[in-house]
Amino acid sequence: MTAELIDGTAIAKKVRAEVKEKVAKRIADGKSQPGLATVLVGERIDSATYVNMKQKACAELGMTSFHHPVSSDITQEDLETLIKKLNADPKVNGILVQLPLPDHLDEERVLQLVSIEKDVDGFSPINLGRLAQKGREPLFVPCTPYGCIYLLKEAGVPISGANAVVLGRSNIVGMPAALLLVKENATVTVVHSRTKDLPAAVRQADIIIAAIGRAEMVRGDWIKPGAAVIDVGINGIPLLNDDGTPLISEKTGKPRQKLVGDVNFDEAKEVAGFITPVPGGVGPMTIAMLMANTLRAAEIQDK
Ligand code: GUN
């Protein structure tokens, strides 16, 4: 292995410890306890797990969380009424609507309704618009892209002037990551499923942010020697027996899976200068940055 491993678990732990200390200090100073409202629509297991982790993080860091699980058949009007109620509640500093929403709901209208001062996910069109504009600053930056940039900075990777390639153009990761890199003065290329020659584009990159959702798609020979590789992907692939058949769990009777990123780690680590593992890279940073954003929301609302 030639690449330096960027340990997201350790860096996230440090961010959380800093937030925890600042929360304790503000409470000792007689200020309010930061509060995060989580809105979970429906019963998606992955969404429920993420929201549960966010609530636990709040408790660990001395913040309050207010959970609002609602039925998957909630009407647009009722969901909007809930958001308006949370906007008006002084105990709620941050509002997080877990995505994706069921198809019958208008996600854009919901996100547009979240007060920009409480938009700890950074998904409001105003915060995203400011991120896209020169000389303007959003109040909050989306948590996963924020975590990616934080990891690069912690590892000492120069961003200004670097060629950065972002794989994927989602609203949650790819596009805001590209906008953040532009703000940091990188020269940014966004590549996606329709890009003609993906490997050639990626080979130009000093910084690669892979958020395309395809298991181990980025191969070692796509990577410029010494590049920094930030792997946002979380993909389950089947574990195999020696004879190539799927390995079945004795406990559940189901095929066993392992988690891999969008980058072929074993190949990439021999070429890259820096690399994040999966799991233990970007994953833990998303919640750490959400906690930092929630504290910031409370500080903004003090004023
Ligand atoms: N779904 C997947 N990632 C996220 C995230 O960072 N925030 C929200 N609200 N939903 C998500």
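Residues numbered from 1 in each chain as written. Predicted model: local features only at pLDDT ≥ 70, side-chain atom pairs only at ≥ 80, totals over all residues. Heavy atoms only, no water.

J.: What exactly am I supposed to notice about the environment of Q112 here?
T.: Mapping Q112 onto the fold places it in helix 4 (residues 107-113). Separated by 11 residues in the primary sequence, Q112 and F123 place their C-alpha atoms 8.2 Å from one another. (Helix = DSSP H or I, 4+ residues; strand = E, 2+ residues; numbered from the N terminus.)

J.: Would you mind showing me how to read helix 2 (residues 45-60) here?
T.: Every α-helix winds through 3.6 residues per turn, so residues three or four apart in the chain are directed the same way. Compared with the 22 Å implied by 1.5 Å per residue over 16 residues, the 22 Å span of helix 2 between its first and last C-alpha is a close match. All of the buried residues in helix 2 are S47, V51, K54, Q55, A57 and C58. Taken down its axis, helix 2 places every buried residue within 155° of arc, on the same side. Among the exposed residues of helix 2, those pointing more than 90 degrees away from its buried face are I45, K56 and A59. Residues of helix 2 that are buried in the fold lie against helix 1 (8-28), strand 2 (35-41), strand 3 (64-70), strand 4 (94-97) and helix 10 (283-302). Looking one or two residues past helix 2, G62 carries a phi angle of roughly 85°, positive in sign. (Expected span 1.5 Å × (residues − 1). Buried < 20%, exposed > 50% of the residue type's maximum accessible area, 1.4 Å probe, protein only. Arc of directions from axis to C-beta. Contact = heavy atoms within 4.5 Å.)

J.: Help me understand the state of the cysteines in this model?
T.: By definition, a disulfide links the sulfur atoms of two cysteine residues through a covalent bond. Summed over the entire model, instances satisfying the criterion amount to 0 disulfides. Free cysteine: C143, not disulfide-bonded; nearest cysteine sulfur from C148 at 11 Å. Among the residues examined, C143 registers a relative accessible area of 4% and is labelled buried. (Disulfide = S-S within 2.5 Å.)

J.: Just checking my understanding: could you explain the nonpolar core for this structure?
T.: Grouped burial of nonpolar side chains is what soluble globular proteins tend to show. Formed by 53 residues in total, the largest nonpolar core has its most connected members in V19, L152, L181, I207, I209, I230 and M291. Sorting the residues of this core by element identifies helix 1, helix 2, helix 6 (143-154), strand 5 (163-167), helix 7 (174-183), strand 7 (207-210), strand 8 (228-231) and helix 10 as the ones contributing at least two each. Considering every element that reaches this core, the biggest residue donor is helix 10, with 10 residues. Setting aside chain neighbours within four positions, we find L152 in contact with V157, I159, L181, I207, A228 and I230. In this structure, V165, A205, V263 and A272 belong to the second largest nonpolar core, which totals 20 residues. (Core = buried A, V, L, I, M, F, W, Y, C linked by side-chain atoms within 4.5 Å.)

J.: Is there a simple way to think about the sheet that holds strand 3 in this case?
T.: Across the sheet, which stays open at both edges, the 3 strands sit in the order 3-2-4 with parallel pairing between neighbours. Both outer strands of the open sheet, strand 3 and strand 4, are each paired with one neighbouring strand and no more. Across the sheet, the mean angle from the axis of one strand to that of its neighbour is 15°, orientation sign disregarded. In this sheet, strand 3 lies alongside strand 2 in parallel orientation, the contact comprising 7 bridges. (Pairing = 2+ DSSP bridges. Axes fitted to C-alpha atoms, helices over the stretch in contact; angles between N-to-C directions.)

J.: So what exactly am I meant to see when it comes to helix 6 here?
T.: In this model helix 6 runs 16 Å from its N-terminal to its C-terminal C-alpha over 12 residues, within 8% of the 16 Å that 1.5 Å per residue would give. Along helix 6, the residues classified as buried are C143, T144, P145, G147, C148, I149, L151 and L152. The inward-facing, buried residues of helix 6 abut helix 1, helix 7, strand 7, strand 8 and helix 10. The positive-phi residue at the C-terminal boundary of helix 6 is G156, with phi of around 80°.

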